[in-house]
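Remarks on the overall topology
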Amino acid sequence: MNFKSTIGLEVHFELKTKSKIFSPSPVTYGAEPNSEANVIDWGYPGVLPKLNKEVYRLGLMVALATHSEITPVTHFDRKNYYYPDNPKAYQITQFFEPLARNGYVEVEVRGKKKRIGIHEMHIEEDAGKNTHGTNGFSYVDLNRQGVPLLEVVSEPDMEDPEEAYAYLEKLRKIVQFTGASDVKMEEGSMRVDTNISIRPAGQKELGTKVEMKNLNSFEHVRLSLAYEEKRQQEVLLSGGKVQLSTRRFDENSGKTVLERVKEGDADYRYFPEPDIAPYHIKQDWIDEIKTQLPKSADERREDYINKLGLKPYDADVILQTKEASDFFDKAMAAGADPQMTANWMNTQVNGYLNEHRVELKDIKLTPENLAKMVTLIKDGVISSKIAKKVFAETVANGTDPKKYVEENGMAQLSDLSVLEPMVKEIVDNNPQSVEDFKNGKDRAIGFLVGQIMKQTHGKANPKIINQLLNKELQSR
């Protein structure tokens, strides 16, 4: 029997604000536990939440970037439940009137394009974090309590794990390039819940869905969905019924494990949040935000390839992060050669970042200095070999490449009045190499180049030396 899968995804993005959604508590990743929370986050009696407007602005940027219909009048609701990491026993979210609906993301899988619908996106506050120690105790860190989240709920339009993976990659890039979120799964600023059901091919009625929550990598999403497809098929083929439930993915075994029978919406006793008034979103504000949207990754890719002449592979590597793309754009604004800059970013710069486990913002290399160094190479002032020494100095200390080359006498020797007599002398002193050249032996040129580089202590311009040697040898 053949089966058809139906997959939906709920993705939480931590919005990039300086303070929390309803309180002035700061938002800092890695802060001392329970050092960035206050009585508003905890819902103490007598305190009132105040909406952070920046949360709406960032949410609207994502809504516009995903072609979503913005709800003109929104309001917040209470989702009631208790966990140790949620001391006020409810979460403020948007259940009845979310921020936006009916958007889409276009993906490409196996050479075919497909639109994945966005059912809705809503703003809500995060809960705290439980950590279960090996000593038998559990610890609660409430720093994350009240951090603003944007939850993007897809339509159940995906039919296999590969489509789900492609959707996540595309959605992550869209959100990242708006600047609304860091989308760092390793820091919890992007989290994924999946749901999947299967049904016999040809059956219109959807099967019973199973959820898997808080998956911490795209690969785990793909693996868990693939396992769950197989597990549900085995259940149905054996005559059993798939249970409406929540499961977790065990990365060690590669299997999903039952956690609990799924709650329904009624279990959360949703009702309108009494302490926050409805929020009216004016069209002129939407129009203003639309003009502030940065170029998307797709738009940048088209510019890089069609306007700047980058190879598609190099463009894709640069566009892996908004940070790298912004850095590249600033180097272009400083007059750098596009393809040469891309080559350096994708090899030397990325190699340095990977080796030292840092990000672009953590190093002293600036786009302007990279542009200067690339220009020095292109103009023949320094060789690629010397450039690596210049790069090492610039990335470590932020030194101006041009100034460093001048002060340390690193410029290539390109003066023809100096090089021409030197080439003639070297050729005169090596008649065997002349003979080898005439007999078609390529090593002759290499030997003579080496002699000149030795005499100039490696400063002679190799390109000019090769041109002069060929001209001299052909005249013999």
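Residues numbered from 1 in each chain as written. Predicted model: local features only at pLDDT ≥ 70, side-chain atom pairs only at ≥ 80, totals over all residues. Heavy atoms only, no water.

**What about the sheet that holds strand β11 (residues 190-200)?**
Taken in spatial order, the nine strands make up an open sheet running β2-β6-β7-β10-β1-β11-β12-β13-β14, and their pairing is mixed. Among the strands making up the open sheet, the edge pair consists of β2 (69-70) and β14 (255-261). Bridge analysis of strand β1 (residues 3-14) against β11 gives eleven bridges, and the strand direction is antiparallel. Within β11, the position partnered with Phe3 by the bridge is Pro200. Contacts from helix α4 (residues 218-237) reach β1, β11, β12 (210-215), β13 (245-250) and β14, with the element oriented near 25° to β11. (Pairing = 2+ DSSP bridges. Helix = DSSP H or I, 4+ residues; strand = E, 2+ residues; numbered from the N terminus. Contact = heavy atoms within 4.5 Å. Axes fitted to C-alpha atoms, helices over the stretch in contact; angles between N-to-C directions.)

**Side note on the pattern of salt bridges**
In this structure the tally under the stated criterion is 32 salt bridges. Among the ionic pairs, Arg248 bridges to Asp250, the shortest N-O distance being 3.6 Å. The exposure class of Arg248 is partly exposed, given its relative accessible area of 36%. Residue Lys361 is joined to Asp362 by a salt bridge in which the shortest nitrogen-to-oxygen separation is 3.3 Å. Using a relative accessible area of 57% as the deciding quantity, one classes Lys361 as exposed. Since its relative accessible area comes to 45%, Asp362 is described here as partly exposed. Salt bridges sharing common partners tie together Arg300, Lys322, Asp326 and Asp329. (Salt bridge = Lys/Arg side-chain N within 4 Å of Asp/Glu carboxyl O. Buried < 20%, exposed > 50% of the residue type's maximum accessible area, 1.4 Å probe, protein only.)

**Notes on the UniProt feature "domain: Asn/Gln amidotransferase" (unreviewed entry) in the protein chain**
As recorded in UniProt, the feature "domain: Asn/Gln amidotransferase" (unreviewed entry) lies at residues 326-473. A helix fraction of 72% and a strand fraction of 0% characterise residues 326-473, whose end C-alpha atoms lie 48 Å from each other. (UniProt positions renumbered as here; feature names shortened; annotations may be inferred.)

**A word on the sheet that holds strand β5 (residues 90-93)**
Ordered by their spatial adjacency, three strands build an open sheet running β5-β4-β15, and the pairing between neighbours is antiparallel. Strand pairing shows two members of the sheet lacking a second neighbour, β5 and β15 (271-272), which therefore form its edges. Two elements, strand β4 (residues 77-80) and β15, share two bridges in a ladder whose sense is antiparallel. If you follow Asp77 over to β15, its bridge partner there is Pro272.

**Notes on the side chain of Arg300**
Topologically, Arg300 is positioned in helix α6 (residues 297-306). One polar contact links Arg300 to Asp326, side chain to side chain, over a distance of 2.8 Å. The residues touching Arg300, leaving out its near neighbours within four places in the chain, are Phe177, Pro294, Lys295, Leu319, Lys322, Ser325, Asp326 and Asp329. (Polar contact = N/O pair within 3.5 Å; in protein donor to acceptor, adjacent residues only side chain to side chain.)

**Some words on α6**
For the α-helix, the turn length of 3.6 residues means that residues three or four positions removed from each other point alike. Listed as buried for α6 are Ala297, Arg300, Asp303 and Tyr304. For α6, the buried positions fall inside an angular range of 125° around the axis, keeping them on one side. (Arc of directions from axis to C-beta.)

**Some remarks on the nonpolar core**
Among the nonpolar cores identified, the biggest contains 57 residues, and Leu9, Tyr167, Met190 and Ile281 are the most heavily contacted of them. When near neighbours in sequence (up to four residues on either side) are disregarded, Leu9 contacts Val152, Val153, Ser154, Met158, Ala164, Tyr167, Leu168, Val192, Asp193, Thr194 and Asn195. Counting residues in hydrophobic clusters, the runner-up holds 36 residues, among them Phe177, Ala324, Leu376 and Val395. (Core = buried A, V, L, I, M, F, W, Y, C linked by side-chain atoms within 4.5 Å.)

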